[in-house]
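What follows is each chain in one-letter form.
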Amino acid sequence: MASSMFQRVPSTMKAWLYEEYGSPEKVLQLKSDVPVPEVGDDQALIKVEAAAINPVDFKRMLGFFRNTDSPPPAVPGYDVAGVVVKVGSQVEKFKVGDEVYGVINEKGIESPHKIGTLAEYTAAEERVLALKPKNLKFVEAASLPLAIETAHEGLERAGLTSGQSILILGGAGGVGSLAIQACSFSSEFLLQT
Ligand SMILES: NC(=O)c1ccc[n+]([C@@H]2O[C@H](COP(=O)([O-])OP(=O)(O)OC[C@H]3O[C@@H](n4cnc5c(N)ncnc54)[C@H](OP(=O)(O)O)[C@@H]3O)[C@@H](O)[C@H]2O)c1
């Protein structure tokens, strides 16, 4: 059984939604009657304070991943920061009222959540969430998860060793700017962008 905040969680909410694949200006609509997602036993329901979008949202909306996607209707958005308003029976790390952030789809293009983060509420497994650092605003926290995960994974895969140089292309973009910052914390790498 899920425990919820004293504040009532509505049954429907506002959300950006597309009912068929296509370009955002053609298919994306703001709806006010989207069902608030049910929480699974291992999930938290989050009142969304901030969300971010990434290239994967755009590509998904265009239907690039239709073979593995959860098909429309769908609410886009992978990144979220917000407040936990309900938790499933198996959730141990979080409680109602916690400020959290994360990327809600563990595997980006395999069955992503139909209700993403461009909504008033979204549900996510506790393993993909973390407590929001107190020194980050919600919008700052929401801007990080997927892009920083990508930057980190890229740097790991590159297998750099001390003294090597690194050239980061697209350094002004979401992933590139975070890769630059990650390298800046280490004295091992020389940066060239
Ligand atoms: N964001 C994620 O979490 C994520 C996850 C997995 C994979 N990816 C992939 O990683 C790539 C970057 O994602 P992002 O979120 O960082 O995108 P982004 O914020 O849109 O940044 C893209 C960067 O690439 C530069 N760029 C675009 N076209 C270029 C070209 N022809 N030559 C040189 N530079 C070019 C852009 O420069 P201008 O600003 O000057 O246009 C910008 O700095 C994308 O292919 C995306 O699909 C991203």
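Residues numbered from 1 in each chain as written. Predicted model: local features only at pLDDT ≥ 70, side-chain atom pairs only at ≥ 80, totals over all residues.

Asker: Tell me about the overall build of the protein chain, and please be specific about residues and values.
Answerer: Helix and strand counts for the protein chain come out as five helices and ten strands. On C-alpha atoms alone, the protein chain measures out to a radius of gyration of 18 Å, which is about the 16 Å that the 2.2 N^0.38 rule sets for 193 residues. Reported as C-alpha extents along the three principal axes, the dimensions of the protein chain are approximately 55 × 40 × 25 Å. Looking at the protein chain alone, contacts between residues at least 24 apart form 75% of all its contacts between residues at least 6 apart. (Helix = DSSP H or I, 4+ residues; strand = E, 2+ residues; numbered from the N terminus. Rg over C-alpha atoms; globule rule 2.2 N^0.38 Å. Contact = placed C-beta atoms within 7 Å.)

Asker: Please give an account of the site of the ligand that cites residues and values.
Answerer: If you check the shell around the ligand, you find 13 residues, and the closest are Pro-55, Gly-170, Gly-173, Gly-174 and Val-175. Going through the elements one at a time, helix H2 (55-62), helix H4 (145-158) and helix H5 (174-184) are the ones with two or more residues in the shell around the ligand. Formed jointly, the shell around the ligand draws a minimum of three residues from each of two domains, domain 1 (3-137) and domain 2 (145-192). (Near = placed C-beta within 6 Å. Domains from an automatic or database assignment.)

Asker: Account for the pairing of strand S4 (residues 43-52), naming residues and giving values.
Answerer: Taking burial as the measure, the ten residues of S4 include seven buried ones, the bulk of the element. Across eight bridges, S4 lies against strand S5 (residues 79-87) in antiparallel orientation. When the bridges of S5 are listed, Ala-51 appears paired with Val-80. (Buried ≥ 20, exposed ≤ 12 C-beta atoms within 10 Å, placed from the backbone. Pairing = 2+ DSSP bridges.)

Asker: Give me the domain arrangement of the protein chain: which residues, what numbers.
Answerer: Split by domain assignment, the protein chain resolves into domain 1 (3-137) and domain 2 (145-192). Centre-to-centre separation of domain 1 and domain 2, based on C-alpha positions: 28 Å. Contacts between the two partners involve six residues from domain 1 and, on the opposite side, five residues from domain 2. Residue contributions to the side of domain 1 that touches domain 2 peak at three residues, all from strand S6 (residues 99-103). In the side of domain 1 that touches domain 2, the residues fall into three nonpolar, two polar and one charged. (Nonpolar A, V, L, I, M, F, W, Y, C, P; charged D, E, K, R; others polar.)

Asker: Describe in detail the environment of Leu-160, supporting the description with residues and values.
Answerer: Structurally, Leu-160 can be placed in the loop between H4 and strand S9 (165-167). Leu-160 gets classed as partly exposed once you count the C-beta atoms within 10 Å, which come to 15.

Asker: Any chance you could break down the nonpolar core for me, citing the residues and the numbers?
Answerer: With 44 residues, the main nonpolar core has Ala-44, Ile-46, Val-75, Val-80 and Ala-119 as its most contacted residues. Broken down by element, this core gets its largest block of residues, six residues, from S4. When we break this core down by domain, the ones giving at least three residues each are domain 1 (3-137) and domain 2 (145-192). Leave out the neighbours within four places in its chain, and Ala-119 touches Met-13, Ala-15, Val-34, Val-48 and Val-75. (Core = buried A, V, L, I, M, F, W, Y, C linked by C-beta atoms within 7 Å.)

Asker: Please give an account of unusual backbone geometry that cites residues and values.
Answerer: A negative phi angle is the norm for most residues apart from glycine, just as the trans form is the norm for most peptide bonds. The peptide bond linking Pro-72 to Pro-73 adopts the cis configuration, its omega dihedral lying at 5°. Along the chain, Pro-73 turns up in the loop between H2 and S5. Unusually for a residue other than glycine, Ser-111 sits at a positive phi of about 50°. Mapped onto the elements, Ser-111 comes out in the loop between S6 and strand S7 (121-125). With 12 C-beta atoms counted inside 10 Å, the residue Ser-111 sits in the exposed group.

Asker: Lay out the pairing of S6 in plain terms, naming residues and giving numbers.
Answerer: For S6, a buried count of four out of five residues is recorded, marking the element as mostly surrounded by other parts of the structure. Here five bridges tie S5 to S6, and the two strands are oriented antiparallel to one another. Counterpart to Val-83 in the pairing with S6 is Glu-99. Here three bridges tie S6 to strand S8 (residues 129-131), and the two strands are oriented antiparallel to one another. When the bridges of S8 are listed, Tyr-101 appears paired with Ala-130.

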